[in-house]
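# Fold and geometry: a report
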Amino acid sequence: MAFLAVELRNITKTFPGVIANNNINLGVKDGEIHAIVGENGAGKSTLMNILYGLEHQDKGNIVIRGKKVRMENPHVAISHGIGMVHQHFMLVRRFTVAENIVLGREPRRGPFTDIRKGLEKIREISDRYGFGIPAGEITGNLPVGMLQRAEIVKVLYRGAKILILDEPTAVLTPQEVKELFLILRNLKEQGHTVIFITHKLKEVMEIADRVTVMRKGAVAGVRQTGETDESELSRMMIGRTVYLETGRKKAEKKETLLELRGVSLEDEKGVKALDNVSLELSSGEILGIAGVEGNGQNDLLEAVWGLKKTSSGKIYLMGRDITRLEPARARREGMSYIPADRQRHGLVLEYSVAFNMALGRQADRSFSHGIWKMNFTGMREKSRQMISEYNIVPGNPGAPAYSLSGGNQQKIVVAREIDRNPSVLLAAHPTRGVDIGVVEIIYKKLLEERAKGKGIILVSSELSEILALSDRILVMFSGRITGETSPDKTCEEELGMMMTGSISMQERQ
Amino acid sequence: MKRKTLMINLAVPLMAVLFSLAVGALFILITGKNPFFVYSILFSGIFGNLYGIGQLFFYATPLIFTGLAVAFAFKAGLFNIGCEGQLYMGSLLCAWTGCVFSGLPGLLLIPVCLAAAAAGGAAWGFIPGMLKAKTGAHEVITTIMLNFIALAFTNYIVTSHFFVPGTVRTPQIAAAARLPAIAGILPGFKGSSLNFSFFIALAAALAVWYILYLSRFGYELRAMGYNPAAGEYAGVDSSKMMIVTLAVSGGISGLVGSNYVMGYKYYFEQGFSGGVGFMGIAVALLGKNHPFGIIAASLLFGGLSFGSLLVNSVVPKEILDILQAVVILSVVVGNTVFSRILLRNSATGDDKPDTQRADAIIGEQVSREGLRRK
């Protein structure tokens, strides 16, 4: 008798003022890759947290292989063969990969940990599914893609047959995504069930067998990927057709806004994070920086912003030397910065939405009257305006930022930085973790700024984004600018190869 | 949700107090006395007459200052364990000023002496601030070490340079520098040492509340406390902020001198504090680092200090020390336990942000590459 691997029946979950899940029914077949797509705040993560025992439904049942289960906590979920890989990794940096994987389930010999037995089992899992993880390496030295694999192996090590992956591709390069998909297919072939949360429809079509679309806390529909297409899914997701066509006009070159001359930067270990970087940004231009994560793109923006001190070279903003400017001055000089990691740099999670809207421009008249008095009225007004402009949910300026979904948190940062009306905008991954409806808003805003004659440096791991928005594209590889091109002269595949250093400019020409 | 947070913030300390009274009763039983009898002495002694209430406020005064000092630093993410040293430095400078500038009229001398008290403490807070900003030396270590230096230094001064022979205290400050005793104005408080310093403490609480929650400075300070990286991104000069915060915190500690030196004994005496600098940490904890909570917590701990004298004839005064310790322990434990219970029963999902916040904290130790986001 074939049971469904996972069946969620009439799951309802409310948060104060929000119905996160409204009478959700979801069935995942044994051995399939099942995608769950939906906008930010559609309730995907909540639903998966309920399945994994991190949160508890108000109503409804969870049925695992035909048996009703009360998911008290993740331990119950694990004992039923469910494993979850979160977006943020739970790994101890200083441990080896193997130590991280066995942590909490250490194989023992008497009172001692038998790491060799653990290593054997890890190697077996790694070989069987093609993970290829270096079990002996120190975790902190590995790239993101490898960390994610370690997380998946950790889940498998604990005996999971049903894997929940929460936005697994958000932090990966195109190459890493390909490798991950290979692994997922292997897992499926060997009888595992994969639940895959994403908002990237292209990936759904590529990897999933079936897809459940969620919208505003409810299921909007279930499809076989073979019987649907991206445009139908996106319509189901947001209830209308989306146009990411950017419709750019040719930029007319005007004055130079930002100029870097031979900028170098060393990281804490003395490794060159930036190596003799020179570039120019003109008004009315979007300059895309393409590169595999960790090749200096973020360092570049942080150096311009003043968060990192350069070791040599000069940075000019509208002809003035700003090389050693601290962030407070950078803001006054008319720059704005959407940081790569919104939770680390962009937000104070404990603060309300309104307070976060003021972050970095708390000295502006709209937010305070001098150092001794905040302007709460102005702050609320400004916040309301930005909340409605960017459709931030929930629309309450007093809600703490940590209560918002990742995409809505990102909207706060983007809204705030664009609203400052800077002449130069540094944008690192402006649409990271944001659903397609919001991507549309952010693209529109960026292009509006460009049309107003602003200069924008766009760092993104989404090549499609770089190609869609940029006027010029610089490629970075291990701290150097290794190539320049433009969207009409290149394509994703070629860019991808340039990013990994497999072709250089010379070879290309 | 805000209401629920408030409820927890009130319920936890309240439960802690009730729990500690129960534990205290147990200990009183062990000593062979009737707890109801002992507690009735305690409560009637404190609340039975104006003298008791006056003493309650008097004992609470220095705790308000040190509690505020700890909380102010804590809001910026800094642990000021050096209140004891700061209050000694502040009080000594206050006494010295009150003696040396005895020619000034009262209207001028009182503010000058208050400023001296604050300045002495601020200087002693400035040093760890500076050390942390310039060298990264952890303020917990430096403030603790500076306690010893302050204690030894003031000891040296009142035994070798500035003292009344045969004692370890300074001469009395000028009459014009003295804060009026409340008993002098309201005779009902006769015998109580309560003085005007209590109102200075209340004003300080109000000022701290205003600065933390309504000023831009406080906005930046708390942003840095919650998330230093975001504070820096937002242009808060973290070095400057650390120095200023610890100096202000030290200054608030120094104001303890207004109670003892300016309002009670009129001189500085070695060992006068009785550890109020360290009690400030407990007060801030119990008061949830909120100025108004700190006033309440100070009254509780002040009441217990005073109460230990009241019941001393019946039970050992250590019983009340036990009460204090149990209150602190139950608050520490209660914070997590009670919040969890309250949140789980309400099933509104408030615990979701909590796990996120825990992630954010744990995330510091966990792989940085794993971008912490939803």
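Reading guide: rules and limits
Residues numbered from 1 in each chain as written. Chains lettered and ligands numbered in written order. Predicted model: local features only at pLDDT ≥ 70, side-chain atom pairs only at ≥ 80, totals over all residues. Heavy atoms only, no water. Helix = DSSP H or I, 4+ residues; strand = E, 2+ residues; numbered from the N terminus. Buried < 20%, exposed > 50% of the residue type's maximum accessible area, 1.4 Å probe, protein only. Contact = heavy atoms within 4.5 Å. Areas by Shrake-Rupley, 256 points an atom, 1.4 Å probe, with all protein chains shown as cover. Rg over C-alpha atoms; globule rule 2.2 N^0.38 Å. Lys, Arg positive; Asp, Glu negative; His and termini not counted. Charge placed at Lys NZ, Arg CZ, Asp CG, Glu CD. Pairing = 2+ DSSP bridges. Axes fitted to C-alpha atoms, helices over the stretch in contact; angles between N-to-C directions. Polar contact = N/O pair within 3.5 Å; in protein donor to acceptor, adjacent residues only side chain to side chain. Expected span 1.5 Å × (residues − 1). Bend = angle between axes of the 7 residues up to and from the residue. Patch = residues over 30% accessible without salt bridge, like charges linked within 9 Å, V, L, I, M, F, W, Y side chains within 5 Å. Salt bridge = Lys/Arg side-chain N within 4 Å of Asp/Glu carboxyl O. pLDDT = per-residue confidence, 0-100.

## Concerning the overall build of chain B
Within chain B, the secondary structure is distributed over 16 helices and 0 strands. Each of the 374 residues in chain B was classed as buried or not, and the buried ones make up 53%. Intrachain contacts of chain B at a sequence separation of at least 6 include 75% that bridge at least 24 residues. Summing over all exposed atoms, chain B offers an accessible surface of approximately 15,700 Å²; the carbon and sulfur share of this is 72%.

## Some thoughts on the overall build of chain A
Helices and strands together make up the secondary structure of chain A, namely 18 helices and 22 strands. For chain A, whose C-alpha radius of gyration is 24 Å, the value lies close to the compact-globule estimate of 23 Å for 509 residues. With respect to the three principal axes, the spread of C-alpha positions in chain A is 75 × 50 × 50 Å. Within chain A, the proportion of its 509 residues that are buried is 59%. Residue pairs in contact within chain A that sit at least 24 positions apart in sequence constitute 65% of those at least 6 positions apart. A total accessible area of about 20,900 Å² is found for chain A, and carbon and sulfur atoms account for 49% of it. Between the averaged position of the 71 positive side-chain charges in chain A and that of its 63 negative side-chain charges there is a distance of 4 Å.

## As for the sheet that holds strand S6 (residues 82-85) of chain A
Residue and element names in this part refer to chain A. The strand order S6-S9-S10-S3-S11-S12 describes an open sheet built from 6 strands, whose pairing is mixed. Two strands lie at the open edges of the sheet, namely S6 and strand S12 (218-224), each paired on one side alone. Sheet twist, expressed as the mean angle between neighbouring strand axes with direction ignored, is 20 degrees. Pairing analysis gives 5 bridges linking strand S3 (residues 33-38) to strand S11 (residues 210-215), with the strands arranged parallel.

## Some remarks on the side chain of Thr228(A)
Residues and elements named next belong to chain A. Relative to the helices and strands, Thr228 is located in the loop between S12 and helix H8 (230-238). Thr228 sits in the buried class, given a relative accessible area of 11%. Within the structure, the side chain of Thr228 is placed 2.3 Å from the side chain of Glu232, a separation counted as a polar contact. The contacts of Thr228, once residues within four sequence positions are left out, are Met205, Arg223 and Leu233.

## Considerations on helix H3 (residues 50-75) of chain B
Residues and elements named next belong to chain B. Taking 1.5 Å as the rise per residue, H3 with 26 residues should run 38 Å; its terminal C-alpha atoms sit 36 Å apart, in good agreement. Roughly 30 degrees is the biggest bend found in H3, and it falls at Thr61, with proline Pro62 one to four residues downstream. Across the 26 residues that make up H3, a large majority, 20, are buried. Here H3 starts with a cap whose side-chain oxygen sits 3.2 Å from the backbone nitrogen of Tyr51, and that cap is Asn49. Downstream of H3 by a residue or two, Gly77 has a phi angle that is positive, lying close to 80 degrees.

## Some thoughts on the pairing of strand S16 (residues 312-317) of chain A
Residues and elements named next belong to chain A. Where strand S13 (residues 256-266) meets S16, 5 bridges bridge the pair, whose relative direction is antiparallel. Looking at S16, one finds that Ser264 is bridged to Ser312. Inspection of the sheet shows S16 paired to strand S17 (residues 320-321) by 2 bridges, in the antiparallel sense. When the bridges of S17 are listed, Tyr316 appears paired with Asp321. Where S16 folds back onto S17 in an antiparallel hairpin, the turn is made up of 2 residues, including Met318, whose phi is positive at roughly 50 degrees.

## Digging into a nonpolar patch on the surface
All names here are of chain B. Together, Leu26, Phe27, Leu29 and Ile30 make up an exposed nonpolar region whose accessible area comes to about 420 Å². By the element assignment, Leu26 lies in helix H1 (residues 2-30). In this structure Leu26 comes out as exposed when scored by relative accessible area, which is 54%.

## Quick word on the confidence of the model for chain B
Detailed reading of the predicted coordinates is not advisable wherever pLDDT is low. Summary statistics for chain B give a mean pLDDT of 87 and a share of 89% for residues scoring 70 or more. The low-confidence segment residues 346-374 of chain B, where pLDDT is below 50, has 71 contacts with residues more than four positions distant or belonging to other chains.

## Topic: unusual backbone geometry
Residue and element names in this part refer to chain A. In this structure, the amide linkage connecting Val393 to the following residue, Pro394, adopts the cis form with an omega of 0 degrees. Along the chain, Pro394 turns up in the loop between helix H13 (376-390) and helix H14 (406-419). Despite not being glycine, Asn391 shows a phi value in the positive range, around 55 degrees. When you line up the elements, Asn391 lands in the loop between H13 and H14.

## Some details on H14(A)
Residue and element names in this part refer to chain A. When the terminal C-alpha atoms of H14 are compared, their 20 Å separation across 14 residues agrees well with the 20 Å that a helix rising 1.5 Å per residue should span. The element H14 is largely enclosed, with a buried count of 13 among its 14 residues. Looking one or two residues beyond H14, the residue adopting positive phi is Asn421, at roughly 60 degrees.

## Observations concerning the pattern of salt bridges
Residues and elements named next belong to chain A. Per the counting criterion, the structure on display carries 28 salt bridges over all chains. Close ionic contact of Glu259 with Arg261 constitutes a salt bridge, the shortest N to O distance being 3.0 Å. The buried category is assigned to Glu259, whose relative accessible area is 18%. By relative accessible area, which is 43% here, Arg261 ends up partly exposed. For Arg472, the salt bridge is made with Glu484, and the minimal N-O distance between the two is 3.0 Å. Residue Arg472 is located in strand S21 (residues 472-477), and its partner Glu484 is located in strand S22 (residues 480-485); the two are separated by 12 residues in the primary sequence. For Arg472, a relative accessible area of 17% puts it in the buried group. Salt bridges here are not isolated pairs; linked through shared partners, they connect Lys272, Asp275 and Arg480.

## Structural notes on the environment of Ser79(A)
Residue and element names in this part refer to chain A. By the element assignment, Ser79 lies in helix H2 (residues 74-79). Overall, Ser79 belongs to the exposed group, its relative accessible area being 57%. On a C-alpha basis, the gap between Ser79 and Arg158 in space is 8.8 Å, while along the polypeptide they are 79 residues apart. A distance of 2.7 Å separates the side chain of Ser79 from the backbone oxygen of Val76, its partner in a polar contact.

## Notes on the sheet that holds strand S18 (residues 335-338) of chain A
Residues and elements named next belong to chain A. Here we have 6 strands laid out as an open sheet, ordered S18-S19-S20-S15-S21-S22, and mixed in their pairing. The outermost strands of the open sheet, each flanked by one partner alone, are S18 and S22. Within the sheet, the average angular offset between the axes of one strand and its neighbour, ignoring direction, is 20 degrees. Here 5 bridges tie strand S19 (residues 424-428) to strand S20 (residues 455-459), and the two strands are oriented parallel to one another. Counted as the bridge partner of Leu425 is Ile456 from S20. Against the sheet, helix H15 (residues 436-451) engages strand S15 (285-290), S19 and S20, with an angle of about 130 degrees to S15.

## Considering the pairing of S21(A)
All names here are of chain A. With 5 of 6 residues buried, S21 is to be regarded as a mostly interior element. Summarising the sheet, S15 and S21 pair through 4 bridges and their orientation is parallel. Directly across from Ala290, in S21, lies its bridge partner Val475. Both S21 and S22 contribute to a ladder of 5 bridges, which runs antiparallel. Each residue of the ladder has a partner; that of Val475, found in S22, is Gly483. With antiparallel pairing between neighbouring strands as the criterion, S21 and S22 make up a hairpin whose turn holds 2 residues, including Ser478 at a positive phi of roughly 35 degrees.

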